[in-house]
Amino acid sequence: MTTEIERIVTANHPDRINFTEMYVTHDALRRDLERMAAAAAAGRTDSPQVREGWAVFTRQLQVHHTVEDAWLWPRLRERLSGRPDDLALLDAMEAEHAVIDPQLEAIDAALAAGSGDVAAGITELRAALLQHLSHEEVAALPLIQAVMTPKDWSGFRGAMARRQRLSGAAEWIPWITDDMTPADSRKWLRRMPPPLRLLNKLSWQARYRDRNLWSY
Ligand SMILES: [Fe+2]
């Protein structure tokens, strides 16, 4: 599997869209999914830090999917009129998102009830989300690269930033770098606006670390 940092390097070309933030976000989602599956397998989803880790994961997943649904797929749809096969791929992206929301709700309900259904719910979510993320990477990103421009992509990143606001960025940035090596983390952080990088260094990173998410 390609590492995040290789993706950053190979994606840097002025005429091509750089998908780094999409990849690192997907990888962070996969990482937390495995952490939740491990906690469920150990019967430790009652740990407050696991609950908090889960809340961060669901919040970041929902922001990611909401902005894709509200901004990215509609604009891509406009570019693809008269191309039924490509439009069918967008239908599939939306349908895959729609499967995931009720799965998250079912897991939240099982967590709230303290029922034994959490592990089964995570198994279902894991299957659906892993399939969706790789489907998006393998099929949708190349299509985006073919019909959208780096300027379009800046628009998407702007929509994501507006949705996250500063409070969301305060969580998203250290969440992304959570399991990166220090060298990879430094390299990726250089892509962030300097004021956010400074805030992360002075406060966000330590605050995130002190939450000790996923421990049990
Ligand atoms: Fe995505």
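Residues numbered from 1 in each chain as written. Predicted model: local features only at pLDDT ≥ 70, side-chain atom pairs only at ≥ 80, totals over all residues. Heavy atoms only, no water.

Draft legend 1. The arrangement of the coordination of the iron ion in detail. Every protein donor of the iron ion is accounted for by Met22 (SD), His26 (NE2), His64 (NE2), Glu68 (OE) and Glu136 (OE), and the metal-donor separations fall at 2.1 to 2.8 Å. Written as a sequence motif, the donor residues of the iron ion are M-x3-H-x37-H-x3-E-x67-E. With His26 in helix α2 (residues 20-41) and Glu68 in helix α3 (residues 48-79), this pair connects stretches of sequence that are 42 residues apart. The class of His26 is buried, set by a relative accessible area of 0%. (Donors = N, O, S within 2.8 Å, 3.2 Å for Na, K, Ca; no water. Helix = DSSP H or I, 4+ residues; strand = E, 2+ residues; numbered from the N terminus. Buried < 20%, exposed > 50% of the residue type's maximum accessible area, 1.4 Å probe, protein only.)

Draft legend 2. Structural view of the confidence of the model for the chain. Predicted confidence across the chain gives a mean pLDDT of 93, with 94% of residues reaching 70 or more. Within the chain, no element has a lower average pLDDT than helix α1 (residues 4-11), which sits at 55, and none a higher one than helix α8 (residues 194-211), at 97. (pLDDT = per-residue confidence, 0-100.)

Draft legend 3. Highlighting a negative patch on the surface. Among the surface-exposed residues, Asp69, Asp101, Glu105 and Asp108 lie close enough to one another that they form a single negatively charged patch. Relative to the helices and strands, Asp108 is located in helix α4 (residues 84-113). Overall, Asp108 belongs to the partly exposed group, its relative accessible area being 36%. (Patch = residues over 30% accessible without salt bridge, like charges linked within 9 Å, V, L, I, M, F, W, Y side chains within 5 Å. Areas by Shrake-Rupley, 256 points an atom, 1.4 Å probe, with all protein chains shown as cover. Salt bridge = Lys/Arg side-chain N within 4 Å of Asp/Glu carboxyl O. Lys, Arg positive; Asp, Glu negative; His and termini not counted. Charge placed at Lys NZ, Arg CZ, Asp CG, Glu CD.)

Draft legend 4. Fine view of the pattern of salt bridges. Within the structure shown, the criterion is met by 17 salt bridges. Between Asp32 and Arg31 there is a salt bridge whose closest N-O contact spans 3.1 Å. Summarising the burial analysis for this pair, Asp32 and Arg31 share the class buried.

Draft legend 5. A look at α2. Between its first and last C-alpha atoms α2 spans 32 Å; for 22 residues at 1.5 Å apiece the expected length is 32 Å, and the two agree. When you tally the buried positions in α2, you get 17 out of 22 residues, the bulk of the element. (Expected span 1.5 Å × (residues − 1).)

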